[in-house]
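# Observations on the model geometry
As a plain string of letters, each chain reads:
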Amino acid sequence: MTEMTIVHLLRHGEVHNPRGVLYGRLPGYHLSETGRRMAELVAKAVEGRDIVALWSSPMERAQETAAPAALALGLEAATDERLIEAGNVFEGLRMAGSDNVFRDPRSYRHFRNPFRPSWGEPYTEVVARMKAVVDDARAAARGHEALLVSHQLPIWIIRLAAEGRRLWHDPRRRQCALASLTSLTFEGDRLISVGYSEPAGALLRAGTPPQGEAALFDKADEALPEVLRAGSEDEETPGSRSVPGV
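Residue numbers restart at each chain and count upward from 1, following the sequence in its written direction. In keeping with the model being predicted, local features are shown solely for residues with a pLDDT of at least 70 and side-chain atom pairs are shown and tallied solely at 80 or more, while totals for entire chains, interfaces and linings include all residues. To obtain the side-chain values, all non-hydrogen atoms of the structure were used and water was disregarded.

What follows concerns the pairing of strand E4 (residues 145-150). Here the term buried applies to any residue with accessible area under 20% of the maximum for its type, exposed to any over 50%, and partly exposed to those in between, with areas from a 1.4 Å probe on protein chains only. Only DSSP runs of H or I reaching four residues or more are called helices, and only runs of E reaching two or more are called strands; each is numbered from the N terminus. Judged by how many residues are buried, E4 sits mostly within the fold: 6 of 6 residues are covered. The two faces of E4 match: Glu145, Leu147 and Val149 on one face and Ala146, Leu148 and Ser150 on the other face are all buried. Two strands qualify as a pair provided that DSSP identifies no fewer than 2 bridges between them. Looking at chain direction, strand E1 (residues 4-11) and E4 are connected through 6 bridges and run parallel. From the neighbouring strand, His8 faces E4, where its bridge partner is Leu147.

Set out below in C-alpha coordinates:
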(Lines give C-alpha, C1' and ligand atoms only; values in the text may rest on other atoms or scores of the structure.)
Protein backbone atom coordinates (compact mmCIF):
# COMPACT_ATOMS: atom_id res chain seq x y z
CA MET A 1 0.00 0.00 0.00
CA THR A 2 1.29 3.48 -0.93
CA GLU A 3 2.47 5.58 2.00
CA MET A 4 0.45 8.65 2.98
CA THR A 5 2.38 11.72 4.09
CA ILE A 6 0.96 15.06 5.24
CA VAL A 7 2.89 18.33 5.26
CA HIS A 8 1.16 21.01 7.33
CA LEU A 9 2.02 24.66 6.59
CA LEU A 10 1.32 26.79 9.67
CA ARG A 11 1.14 30.56 9.49
CA HIS A 12 2.48 32.33 12.57
CA GLY A 13 0.16 33.96 15.12
CA GLU A 14 -0.73 37.62 15.61
CA VAL A 15 2.22 40.02 15.84
CA HIS A 16 2.63 42.97 18.21
CA ASN A 17 2.83 45.85 15.74
CA PRO A 18 1.26 49.01 17.21
CA ARG A 19 2.75 51.31 14.54
CA GLY A 20 1.31 49.34 11.63
CA VAL A 21 4.69 48.71 10.01
CA LEU A 22 5.18 46.24 7.17
CA TYR A 23 7.73 44.21 9.11
CA GLY A 24 8.56 41.61 6.44
CA ARG A 25 11.98 40.21 7.26
CA LEU A 26 12.84 42.84 9.86
CA PRO A 27 14.03 41.44 13.21
CA GLY A 28 12.41 42.34 16.51
CA TYR A 29 8.75 41.62 15.71
CA HIS A 30 7.31 39.19 18.24
CA LEU A 31 3.92 37.62 18.88
CA SER A 32 1.34 39.66 20.74
CA GLU A 33 -0.39 38.19 23.77
CA THR A 34 -3.19 37.04 21.46
CA GLY A 35 -0.59 35.56 19.12
CA ARG A 36 0.86 33.50 21.96
CA ARG A 37 -2.59 32.19 22.80
CA MET A 38 -3.05 31.30 19.13
CA ALA A 39 0.20 29.31 19.22
CA GLU A 40 -1.00 27.43 22.30
CA LEU A 41 -4.28 26.53 20.59
CA VAL A 42 -2.43 25.23 17.57
CA ALA A 43 -0.20 23.13 19.83
CA LYS A 44 -3.27 21.53 21.39
CA ALA A 45 -4.73 20.86 17.94
CA VAL A 46 -1.62 19.07 16.64
CA GLU A 47 -0.59 17.32 19.85
CA GLY A 48 -2.21 14.04 18.88
CA ARG A 49 -1.01 14.09 15.26
CA ASP A 50 1.65 11.78 13.88
CA ILE A 51 4.07 14.67 13.36
CA VAL A 52 7.73 13.61 13.28
CA ALA A 53 9.36 16.74 11.82
CA LEU A 54 8.94 20.40 12.85
CA TRP A 55 10.67 23.13 10.87
CA SER A 56 10.32 26.89 11.17
CA SER A 57 11.13 30.15 9.45
CA PRO A 58 13.96 32.01 11.22
CA MET A 59 11.74 35.02 12.02
CA GLU A 60 10.96 35.50 15.73
CA ARG A 61 7.19 35.36 15.22
CA ALA A 62 7.47 31.99 13.50
CA GLN A 63 9.88 30.58 16.09
CA GLU A 64 7.55 31.69 18.89
CA THR A 65 4.58 30.07 17.12
CA ALA A 66 6.52 26.82 16.74
CA ALA A 67 7.66 26.66 20.38
CA PRO A 68 4.41 25.40 22.01
CA ALA A 69 3.95 22.81 19.25
CA ALA A 70 7.53 21.60 19.74
CA LEU A 71 6.85 21.14 23.45
CA ALA A 72 3.55 19.33 22.82
CA LEU A 73 5.08 17.02 20.22
CA GLY A 74 8.36 16.41 22.00
CA LEU A 75 10.30 17.69 18.99
CA GLU A 76 12.96 20.31 18.38
CA ALA A 77 11.98 23.04 15.95
CA ALA A 78 14.64 23.16 13.24
CA THR A 79 15.19 26.47 11.45
CA ASP A 80 14.94 26.50 7.66
CA GLU A 81 15.67 29.72 5.75
CA ARG A 82 13.45 28.62 2.87
CA LEU A 83 10.37 29.19 5.03
CA ILE A 84 11.16 32.90 5.53
CA GLU A 85 8.75 35.72 4.65
CA ALA A 86 8.85 37.06 1.09
CA GLY A 87 10.98 40.12 0.47
CA ASN A 88 9.16 43.45 -0.02
CA VAL A 89 10.36 46.92 -1.06
CA PHE A 90 8.02 48.53 1.50
CA GLU A 91 9.59 46.75 4.46
CA GLY A 92 9.86 49.05 7.47
CA LEU A 93 7.26 51.55 6.21
CA ARG A 94 3.91 52.28 7.83
CA MET A 95 0.81 50.85 6.19
CA ALA A 96 -1.71 52.93 8.16
CA GLY A 97 -2.08 56.47 9.51
CA SER A 98 -1.54 59.84 7.90
CA ASP A 99 2.08 59.04 7.01
CA ASN A 100 1.39 55.69 5.35
CA VAL A 101 3.13 54.58 2.17
CA PHE A 102 0.18 55.49 -0.08
CA ARG A 103 0.58 59.18 0.82
CA ASP A 104 3.83 59.18 -1.14
CA PRO A 105 3.33 59.19 -4.96
CA ARG A 106 6.86 57.81 -5.35
CA SER A 107 5.54 54.51 -4.04
CA TYR A 108 3.16 54.01 -6.95
CA ARG A 109 5.90 52.94 -9.38
CA HIS A 110 6.33 49.77 -7.37
CA PHE A 111 2.82 48.63 -8.34
CA ARG A 112 3.53 48.62 -12.08
CA ASN A 113 3.69 44.84 -12.44
CA PRO A 114 1.37 42.71 -10.28
CA PHE A 115 2.31 39.55 -12.18
CA ARG A 116 5.90 39.36 -10.91
CA PRO A 117 5.18 41.26 -8.52
CA SER A 118 7.19 44.47 -8.83
CA TRP A 119 6.94 45.28 -5.10
CA GLY A 120 8.60 42.13 -3.81
CA GLU A 121 10.18 38.72 -4.23
CA PRO A 122 9.06 37.11 -7.52
CA TYR A 123 6.25 34.62 -7.02
CA THR A 124 8.13 32.03 -9.09
CA GLU A 125 11.09 32.23 -6.71
CA VAL A 126 8.81 31.84 -3.69
CA VAL A 127 7.24 28.76 -5.29
CA ALA A 128 10.68 27.27 -5.99
CA ARG A 129 11.96 27.57 -2.42
CA MET A 130 8.67 26.51 -0.84
CA LYS A 131 8.36 23.48 -3.15
CA ALA A 132 11.91 22.50 -2.24
CA VAL A 133 11.26 22.67 1.51
CA VAL A 134 7.92 20.84 1.20
CA ASP A 135 9.61 18.09 -0.83
CA ASP A 136 12.36 17.76 1.77
CA ALA A 137 9.85 17.71 4.64
CA ARG A 138 7.81 15.06 2.82
CA ALA A 139 10.93 12.92 2.45
CA ALA A 140 11.90 13.41 6.11
CA ALA A 141 8.42 12.49 7.37
CA ARG A 142 7.57 9.85 4.80
CA GLY A 143 4.59 7.84 5.99
CA HIS A 144 3.97 10.35 8.80
CA GLU A 145 3.39 14.12 9.07
CA ALA A 146 5.52 17.27 9.13
CA LEU A 147 4.74 20.74 10.45
CA LEU A 148 6.35 23.76 8.77
CA VAL A 149 5.89 27.23 10.28
CA SER A 150 6.00 30.02 7.71
CA HIS A 151 4.20 33.18 6.58
CA GLN A 152 1.06 34.08 4.69
CA LEU A 153 2.45 34.86 1.24
CA PRO A 154 4.77 31.84 0.94
CA ILE A 155 2.02 29.48 2.16
CA TRP A 156 -0.62 30.95 -0.15
CA ILE A 157 1.68 30.97 -3.19
CA ILE A 158 2.71 27.32 -2.82
CA ARG A 159 -0.96 26.43 -2.39
CA LEU A 160 -1.88 28.27 -5.61
CA ALA A 161 0.91 26.43 -7.42
CA ALA A 162 -0.14 23.08 -5.94
CA GLU A 163 -3.73 23.63 -7.06
CA GLY A 164 -2.67 24.69 -10.56
CA ARG A 165 -4.01 28.22 -10.16
CA ARG A 166 -2.44 31.47 -11.33
CA LEU A 167 0.10 33.03 -8.99
CA TRP A 168 -0.91 36.69 -9.31
CA HIS A 169 -3.81 37.59 -7.05
CA ASP A 170 -5.34 40.19 -4.75
CA PRO A 171 -3.44 39.78 -1.43
CA ARG A 172 -6.60 40.68 0.49
CA ARG A 173 -8.33 37.53 -0.75
CA ARG A 174 -5.87 34.93 0.53
CA GLN A 175 -7.31 32.09 2.57
CA CYS A 176 -4.50 31.95 5.10
CA ALA A 177 -5.54 33.44 8.43
CA LEU A 178 -3.25 33.92 11.40
CA ALA A 179 -2.26 30.58 12.98
CA SER A 180 -4.06 28.65 10.22
CA LEU A 181 -3.01 25.28 8.82
CA THR A 182 -2.78 24.50 5.11
CA SER A 183 -2.30 20.74 4.85
CA LEU A 184 -0.87 18.98 1.79
CA THR A 185 -1.61 15.26 1.66
CA PHE A 186 0.58 13.04 -0.52
CA GLU A 187 0.08 9.46 -1.63
CA GLY A 188 3.65 8.45 -2.33
CA ASP A 189 4.99 11.41 -4.30
CA ARG A 190 1.61 12.50 -5.64
CA LEU A 191 -0.36 15.34 -4.06
CA ILE A 192 -3.92 14.12 -3.59
CA SER A 193 -5.56 16.87 -1.53
CA VAL A 194 -5.19 20.28 0.06
CA GLY A 195 -6.88 20.95 3.40
CA TYR A 196 -7.34 24.14 5.39
CA SER A 197 -8.24 24.72 9.04
CA GLU A 198 -8.10 27.46 11.67
CA PRO A 199 -7.30 25.94 15.08
CA ALA A 200 -7.18 29.43 16.61
CA GLY A 201 -10.22 30.70 14.73
CA ALA A 202 -11.96 31.67 17.97
CA LEU A 203 -9.27 34.32 18.52
CA LEU A 204 -9.56 35.86 15.06
CA ARG A 205 -11.25 39.17 15.78
CA ALA A 206 -13.68 40.69 13.31
CA GLY A 207 -12.51 44.05 12.07
CA THR A 208 -8.88 43.46 13.03
CA PRO A 209 -6.59 45.06 10.41
CA PRO A 210 -4.71 42.52 8.27
CA GLN A 211 -1.09 41.80 9.11
CA GLY A 212 1.89 41.18 6.88
CA GLU A 213 1.90 41.98 3.18
CA ALA A 214 -1.91 41.89 2.99
CA ALA A 215 -1.90 45.08 5.09
CA LEU A 216 -0.18 46.80 2.18
CA PHE A 217 -3.39 46.63 0.13
CA ASP A 218 -5.96 47.13 2.85
CA LYS A 219 -8.23 50.02 1.77
CA ALA A 220 -5.83 50.81 -1.06
CA ASP A 221 -8.13 50.50 -4.06
CA GLU A 222 -6.94 53.75 -5.63
CA ALA A 223 -3.30 52.67 -5.58
CA LEU A 224 -3.89 49.00 -6.36
CA PRO A 225 -3.06 48.23 -10.01
CA GLU A 226 -6.24 48.13 -12.09
CA VAL A 227 -5.30 44.75 -13.55
CA LEU A 228 -4.97 43.30 -10.05
CA ARG A 229 -8.33 44.70 -8.94
CA ALA A 230 -9.98 43.37 -12.07
CA GLY A 231 -8.37 39.98 -11.62
CA SER A 232 -9.70 39.66 -8.09
CA GLU A 233 -13.28 39.83 -9.33
CA ASP A 234 -13.10 36.44 -11.02
CA GLU A 235 -10.53 34.91 -8.73
CA GLU A 236 -11.43 31.52 -7.37
CA THR A 237 -11.88 31.86 -3.65
CA PRO A 238 -12.34 28.77 -1.47
CA GLY A 239 -14.78 28.69 1.42
CA SER A 240 -14.06 30.70 4.53
CA ARG A 241 -13.21 27.75 6.75
CA SER A 242 -12.43 24.54 4.86
CA VAL A 243 -11.42 22.97 1.58
CA PRO A 244 -11.96 19.30 0.72
CA GLY A 245 -8.89 17.47 1.90
CA VAL A 246 -7.43 16.40 5.18
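Before going further, it helps to examine the packing of helix H3 (residues 123-140) against helix H4 (residues 152-162). Interaxial distance between H3 and H4 falls to 9 Å at its minimum, and their mutual angle equals 85 degrees. As far as their axial angle goes, H4 and H3 are roughly perpendicular. On H4, the residues touching Tyr123, Val126, Val127, Arg129, Met130 and Lys131 of H3 are Leu153, Pro154, Ile155, Ile157, Ile158 and Ala161. For the contact of H3 with H4, the per-class residue count stands at 10 nonpolar, no polar and 2 charged. As a rule, the C-alpha atoms of each element are fitted with a line to give its axis, helices using only the stretch in contact, and angles between N-to-C directions run from 0 to 180 degrees. Roughly parallel means an angle under 35 degrees; roughly antiparallel means over 145; roughly perpendicular covers 65 to 115; every other angle is labelled oblique. In this analysis, two residues are considered to be in contact whenever any of their non-hydrogen atoms come within 4.5 Å of each other. Classification used: nonpolar for Ala, Val, Leu, Ile, Met, Phe, Trp, Tyr, Cys and Pro, charged for Asp, Glu, Lys and Arg, polar for all others including Gly.

Before going further, it helps to spend a moment on the side chain of Arg159. Its location among the elements puts Arg159 in helix H4. Note on Arg159: relative accessible area 1%, which makes it buried. Of the polar contacts made by the side chain of Arg159, one reaches the side chain of Gln175; its length is 2.8 Å. What qualifies as a polar contact is a pair of N or O atoms within 3.5 Å, subject to a donor-acceptor requirement within protein and to the restriction that residues adjacent in sequence count only when both atoms come from side chains.

For the rest of this paragraph, the subject is the pattern of salt bridges. Salt bridges, as used here, are contacts in which a Lys or Arg side-chain nitrogen is within 4 Å of a carboxyl oxygen on Asp or Glu. Going through the model one piece at a time under the given rule, you end up with 15 salt bridges. Residue Lys131 is joined to Asp135 by a salt bridge in which the shortest nitrogen-to-oxygen separation is 2.8 Å. One end of the pair is Lys131 and the other is Asp135, both in helix H3 and 4 residues apart, which spans about a single turn. Lys131 gets classed as partly exposed once you look at its relative accessible area, which sits at 46%. Since its relative accessible area comes to 24%, Asp135 is described here as partly exposed. A salt bridge links Arg159 to Glu163; its shortest N-O distance comes to 3.2 Å. The class of Glu163 is partly exposed, set by a relative accessible area of 28%.

This next bit is on the packing of aromatic side chains. The rule is short: rings of Phe, Tyr and Trp, with Trp giving its six-membered ring, pair when the centres are within 6.5 Å, and they are stacked under 30 degrees, edge-to-face over 60, tilted in between. What the rule picks out here adds up to 2 aromatic pairs. Taken together, a centroid distance of 5.2 Å and an interplanar angle of 35 degrees make the contact between Tyr23 and Tyr29 tilted. What makes Tyr29 buried here is its relative accessible area of 18%. Taking 5.0 Å as the distance between ring centres and 75 degrees as the angle between the ring planes, the aromatic pair formed by Phe115 and Trp168 counts as edge-to-face. Here Phe115 is found in the loop between strand E3 (78-79) and H3, whereas its partner Trp168 is found in the loop between H4 and strand E5 (181-187), with 53 residues between them in sequence. A residue is classified by how much of its surface remains accessible, and Phe115, at 46% relative accessible area, is partly exposed.

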